[in-house]
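Survey of secondary and tertiary structure
Okay, here's what each chain looks like letter by letter:
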Amino acid sequence: MLEGKKIVLGVCGSIAAYKSATLVRLLVKAGADVKVVTTAGANTFITPLTLATLSKNPVLTEYVKDDNGEWNNHVDLGLWADAIIIAPATANTIGKMANGLCDNLLTAVYLSAKCPVYIAPAMDLDMWKHQSTQQNVDALKSFGNIFIQPGYGELASGLIGEGRMAEPEDIISFVEADIKKKLPLVNIKALVTAGPTYEAIDPVRFIGNHSSGKMGFAIADELAKLGADVTLVSGPSSQQTKSKAIKRINITSAADMLTACEQYFVSADICVMSAAVADYTPVDVAQQKIKKKEDTFNIELKKTTDILKTFGSQKRVGQLLVGFALETNDEEKNAVDKLKNKNLDFIVLNSLNDAGAGFKTDTNKITIIDRRLQKTVFDLKTKEAAATDICQKILELMTL
Ligand code: CTP
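About the criteria used
- In this numbering scheme, every chain counts its residues from 1 along its sequence in written order.
- Whole-chain, interface and lining totals are the exception, using all residues; otherwise, since this is a predicted model, local features are given only for residues with pLDDT of at least 70 and side-chain atom pairs are given and counted only at 80 or more.
- The basis for every side-chain value is the complete set of heavy atoms in the structure, and neither hydrogens nor water enter the calculation.
- An automatic or database domain assignment supplies the start and end points of every domain.
- Put simply, a residue is near a molecule or strand once any heavy atom of it comes within 4 Å of that molecule or strand.
- For the purposes of these results, a polar contact is taken to be a pair of N or O atoms within 3.5 Å, where, inside protein, one atom must be able to donate a hydrogen and its partner to accept one; residues adjacent in sequence count only when each atom of the pair is a side-chain atom.
- For helices the rule is a DSSP run of H or I covering at least 4 residues; for strands it is a run of E covering at least 2, with both sets numbered from the N terminus onward.
- Gly is placed with the polar residues, together with every amino acid not listed as nonpolar (Ala, Val, Leu, Ile, Met, Phe, Trp, Tyr, Cys and Pro) or charged (Asp, Glu, Lys and Arg).
- Throughout, a residue-residue contact means that at least one pair of heavy atoms, one from each residue, lies within 4.5 Å.
- In this description, strands pair whenever DSSP reports at least two bridges between them.
- Between N-to-C directions, angles span 0 to 180 degrees; the directions come from axes that are lines fitted to C-alpha atoms, helices contributing only their stretch in contact.
- Residues enter patches when they are more than 30% accessible in relative terms and free of salt bridges; like-charged ones are connected within 9 Å and nonpolar ones (Val, Leu, Ile, Met, Phe, Trp, Tyr) within 5 Å.
- The method behind every accessible area is Shrake-Rupley, applied with a 1.4 Å probe, and residues are considered shielded solely by the protein chains displayed.
- Whenever Lys or Arg places a side-chain nitrogen within 4 Å of a carboxyl oxygen from Asp or Glu, that contact is recorded as a salt bridge.
- Buried Ala, Val, Leu, Ile, Met, Phe, Trp, Tyr and Cys residues form a nonpolar core when they are joined through side-chain atoms within 4.5 Å.
- Relative accessibility under 20% of the residue-type maximum defines a buried residue, over 50% an exposed one, and the middle range a partly exposed one, all with a 1.4 Å probe and only protein chains included.
- Orient the strands so they point away from the viewer, and a crossover whose first-strand-to-second-strand path over the helix runs clockwise is right-handed.
- Classification of ring pairs rests on two measures: the distance between centres of Phe, Tyr or Trp rings, Trp counted by its six-membered ring, which must be within 6.5 Å, and the angle between planes, read as stacked under 30 degrees, edge-to-face over 60 and tilted in between.
- Remark: a charge is flagged as sitting over a ring if the NZ atom of Lys or the CZ atom of Arg is within 6 Å of the ring centre and within 35 degrees of the ring normal.

A few words now on the domain arrangement of the chain. Splitting the chain by domain gives domain 1 (6-181) and domain 2 (189-398). A C-alpha centroid distance of 45 Å is found between domain 1 and domain 2.

Structure representation (structure tokens):
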């Protein structure tokens, strides 16, 4: 969930600041880009060098960077962030935030931000219980800020009670769960196919195609980014998914792909079949390597099952089915025929006549045609950007 997310981590002057090092490490490990902003007080508890080393970014504390008058732009930082986490948040900083005071960089970044703000308080139990603090907490909650409740236990004062900052692992889980629950495809299951299939001729040879799998992998990643629970059934491909949450199933042949997909189709809400599945497979697979003998050689082929068409005929109400058409001629007509024959919600057309489209390239030029025959032609763009367009169409149809 935190993959590629830009996070400002605010650290205040509390003994719990030592846990910020672990927090930074976990955020970075989860794939986030972390910029740490500390208060002057925080720097007495944990060195900026530690946090800068772990975050791989300079730690910012002051408005002014150096004697040359260069400044740390709090507005840019606030707008850069996808999320702000303030951990530990002291009673002092909570009080300033609740009242719009900004006498340091961290509170100025907070006031400039438009993103979700997560606050993990850390203080002594009586300070936490104090009416002033609780009033400030209520005010901040009413502004939409999200509190990560402090835990119960032994405090730096030696007293036992509520006020311990939540553990870094719990802060990460909390933020991830909160981000996930707000995503548009949360609780939605998606099945994506990608890559080529290889149809064995003998133990060393196969019939295949040039599909790299890039488009399907980009779609799987985009759906995961939108919160879907994604299963990716992929033919032989060197691609890797960015999201670790995607369940990847590697298959070789068209028959394997069908078997794998059948397991997930019934429960899938969205199916995007972008694989370049072989249309024919050898009738017999030689058990031994075929030896070179005659001048000509024939292989008898039989049709494979059209996975997309099969699913189109079994589609239940509410299930969204998306297919691809890679064409060299009569592109739109062929795509519309496939859309209708396979009972799709929309089809993504690529034409090999468009430079930069099709197999192996990092770019694609797509046209989306839906079942109302509404056509949208997109510019040539990266496969990731094309995946975003395809997923936007999915979102549009799901909200209809
Ligand atoms: N497809 C599939 N199973 C197959 C063949 C194709 O699921 N055995 C899917 C592809 O993943 C793609 C769509 O069907 O989403 C169209 O594939 P394509 O090869 O362009 O079309 P075909 O229907 O096979 O027709 P043709 O090869 O004759 O153009």
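Among the 16 residues in the neighbourhood of the ligand, the closest are listed as Met-273, Ala-275, Asp-279, Lys-338 and Lys-342. Between the ligand and the protein, one listed contact pairs a nitrogen atom with a backbone N or O atom of Ile-307 at 3.0 Å. In the environment of the ligand, an oxygen atom lies 2.9 Å from a nitrogen or oxygen atom belonging to the backbone of Leu-308. If you list the elements that add at least two residues to the shell around the ligand, you get α12 (307-314) and β16 (320-327). Across the shell around the ligand, the residue classes break down as 9 nonpolar, 3 polar and 4 charged.

Residue placement: Thr-38 occurs in strand β2 (residues 33-38). A distance of 2.7 Å separates polar atoms of two side chains, one belonging to Thr-38 and the other to Thr-61. Apart from residues lying up to four places away in sequence, Thr-38 is in contact with Val-11, Asn-43, Leu-51, Val-59, Leu-60 and Thr-61.

In this section: the sheet that holds strand β11 (residues 229-234). Across the sheet, 8 strands lie side by side as β12-β11-β8-β13-β16-β17-β19-β20; this open sheet has mixed pairing. Looking at the sheet topology across the chains shown, the edges are occupied by β12 (247-250) and β20 (375-377). Neighbour-to-neighbour, the strand axes of this sheet turn through a mean angle of 15°, independent of strand direction. For strand β13 (residues 270-273) and β16, the ladder comprises 4 bridges, and the chain directions are parallel. Counterpart to Val-272 in the pairing with β16 is Val-322.

On the surface, Tyr-280, Phe-297, Ile-299 and Leu-301 cluster together into a nonpolar patch covering about 380 Å² of accessible area. Note that Phe-297 resides in the loop between β14 (280-282) and β15 (301-303).

On to the pairing of strand β6 (residues 151-154), then. Sheet topology note: the β6/strand β7 (residues 160-164) ladder contains 4 bridges and is antiparallel. Residue pairing for β7: Gly-153 is matched across the bridge by Gly-161. Here β6 hands over to β7 after 5 residues, with Gly-158 in that stretch at a positive phi of 95°.

Moving on, we come to the nonpolar core. Residues Ile-219, Leu-223, Val-230, Val-272, Phe-346, Ile-390 and Ile-394 are the most contacted members of the largest nonpolar core, which totals 34 residues. If you look at the next biggest cluster of nonpolar residues, it comprises 32 residues, including Ala-16, Leu-27, Leu-51 and Ile-179.

Take the pairing of β2 next. Two strands pair when backbone bridges link them, and strand β1 (residues 6-11) and β2 are joined in this way by 6 bridges, in the parallel orientation. Residue Ile-7 lies in a different strand from β2, and its bridge partner there is Val-34. Traced from β1 through helix α1 (residues 18-29) to β2, the parallel crossover comes out right-handed.

What follows deals with the side chain of Thr-107. Its place among the elements puts Thr-107 in helix α6 (residues 105-112). A polar side-chain atom of Thr-107 sits 2.6 Å from a polar atom in the side chain of Asn-104. If sequence neighbours within four positions are ignored, Thr-107 has contacts with Thr-93, Lys-96, Met-97, Leu-101 and Cys-102.

Now for the packing of aromatic side chains. With the rule as written, the count across this model stands at 3 aromatic pairs. When the ring of Tyr-118 is compared with that of Phe-174, the centres are 6.4 Å apart and the planes differ by 85°; the resulting orientation is edge-to-face. Pair noted here: Tyr-118 is in strand β4 (residues 117-121) and Phe-174 is in helix α9 (residues 168-181), with a separation of 56 residues, a long-range link. According to the relative accessible area criterion, Phe-174 is partly exposed, its value standing at 31%. Relative to Phe-311, the ring of Phe-265 has its centre 4.0 Å away and its plane inclined at 10°; by these criteria the two rings are stacked. Within this pair, whereas Phe-265 is found in helix α11 (residues 254-265), its partner Phe-311 is found in helix α12, the two being separated by 46 residues in sequence. For Phe-311, a relative accessible area of 1% puts it in the buried group. Over the ring of Trp-80 we find Lys-35, and its NZ or CZ is 4.3 Å from the ring centre.

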